[in-house]
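Geometric and topological summary
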Amino acid sequence: MTFCHLCRGSELRPFVREGEWQYLRCLNCGLIFLEPQPSKEFLRSHYQDYLPADPQEIENWRTMMTQVFTKSANLIQDVIPIPGRLLDVGCGYGFFLQEMARRNWQADGIEISATGRVYARDKLGLNVSDRPLPRPEWQDNCYDVVTLFYVIEHLQDPKSLLGEVRRLLGTGGLLLLRWPHTAPIATMFKPWVSRMKLYQAPSHLFDFSPSTIYKILDQLDFREIRTTICGWTKPNRKGEHLAAWFFGSLGEQLARVTRDRLLLPGVSKTTLARR
Ligand SMILES: [Zn+2]
């Protein structure tokens with residue numbers, strides 16, 4: 001029998017299919033997840049070639065993420081103004097770490113893709129480890145801030161990883177999660193979901209919402225949990241760029257004037273929480 005990863009509920013319904021992959025929705029808490037998950041070995045090799053090595057594509061990626069990274073850095077410094085120690089889990093090419101290092105933070109990364117890691121180390125001179133969490137050899141309270149940009153939806157066991165993040169954070173330490181909110185789009189475009197590859201199956205193992213993200217962090221005793229809209233990614237294709245700008249800026253304005261009470265469904269969200 002399959003249970004919901006978050007609430008242990010057993011009332012699960014098929015949500016969407018992408019190719020051979022099936023996503024289920026928990027009727028109790030609303031969590032959406034891939035079932036069954038691919039094996040650990042499959043995922044490990046899957047992520048080895050996940051990031052492109054072509055210089056133009058790397059540059060496109062930087063352009064796509066710049067605004068989100070700058071606004072996230074501002075958000076972090078609103079909470080913790082004095083530069084401290086930061087860990088970016090799944091740091092990719094290291095562009096966010098570069099931004100934080102520029103602001104005098106001690107910024108370390110973890111990246112399992114060799115392409116991203118080599119770029120971050122050799123081109124940007126950053127300190128990036130190849131070994132994923134958990135890292136039992138690291139002391140408790142060794143970071144002031146831990147960030148995960150578009151990582152949480154890829155994890156096989158997000159709750160245990162966030163538990164490890166909590167251990168690494170000092171009291172008052174800050175967690176920043178950036179995650180896609182795909183379900184509203186998948187619901188709207190249901191007949192075409194398989195073709196649109198919204199979940200890049202089997203890459204996304206989970207699809208969170210503000211309430212499921214709250215629940216998972218609350219279960220782990222994080223406090224001051226706040227979800228907002230913090231910038232939008234800029235895709236390179238013109239039509240997509242325009243849509244991202246329109247819905248992203250609309251979402252950001254709505255969040256601002258309602259003090260995060262109205263969060264536009266379907267656009268990426270950023271969640272802050274303190275230990
Ligand atoms: Zn559930």
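Quick summary incoming for the structure in this document.

Cut-off values and rules
- Residues numbered from 1 in each chain as written.
- Predicted model: local features only at pLDDT ≥ 70, side-chain atom pairs only at ≥ 80, totals over all residues.
- Helix = DSSP H or I, 4+ residues; strand = E, 2+ residues; numbered from the N terminus.
- Expected span 1.5 Å × (residues − 1).
- Buried ≥ 20, exposed ≤ 12 C-beta atoms within 10 Å, placed from the backbone.
- Arc of directions from axis to C-beta.
- Contact = placed C-beta atoms within 7 Å.
- Pairing = 2+ DSSP bridges.
- Axes fitted to C-alpha atoms, helices over the stretch in contact; angles between N-to-C directions.

**Notes on helix H9 (residues 238–257)**
If you check H9, its first and last C-alpha atoms are 28 Å apart, about what 20 residues at 1.5 Å a residue would give, namely 28 Å. Every buried residue of H9 is accounted for by Gly-248, Gly-251 and Ala-255. Down the axis, H9 shows its buried residues gathered within 65° of arc, on one side only. Exposed and facing more than 90 degrees away from the buried side of H9 are Lys-238, Gly-239, Leu-242, Phe-246, Gln-253, Arg-256 and Val-257. On its buried side, H9 packs onto strand E10 (223–228). Phi turns positive, to about 50°, at Arg-259, one or two residues after H9.

**Some points on the pairing of strand E2 (residues 21–26)**
Relative to E2, strand E1 (residues 12–18) runs antiparallel, the two sharing six bridges. Paired with Pro-14 across the bridge in E2 is Leu-24. Where E2 and strand E3 (residues 32–34) come together, three bridges link them in antiparallel fashion. Across the sheet, residue Arg-25 finds its bridge partner in E3, namely Ile-32. Adjacent in sequence and paired antiparallel, E2 and E3 are bridged by five residues, among which Gly-30 carries a positive phi angle near 90°.

**Side note on unusual backbone geometry**
Omega for the bond connecting Glu-35 with Pro-36 falls within 30 degrees of zero, at -5°, which places this linkage in the cis form. Within the fold, Pro-36 resides in the loop between E3 and helix H1 (40–48).

**Thoughts on the sheet that holds strand E7 (residues 143–149)**
Pairing in this open sheet of seven strands is mixed, and the strands run E6-E5-E4-E7-E8-E11-E10 from one edge to the other. The strands lining the two open edges of the sheet, one partner per strand, are strand E6 (127–129) and E10. Across the sheet, the mean angle separating the axes of adjacent strands is 15° when strand polarity is ignored. In this sheet, strand E8 (residues 169–179) lies alongside E7 in parallel orientation, the contact comprising six bridges.

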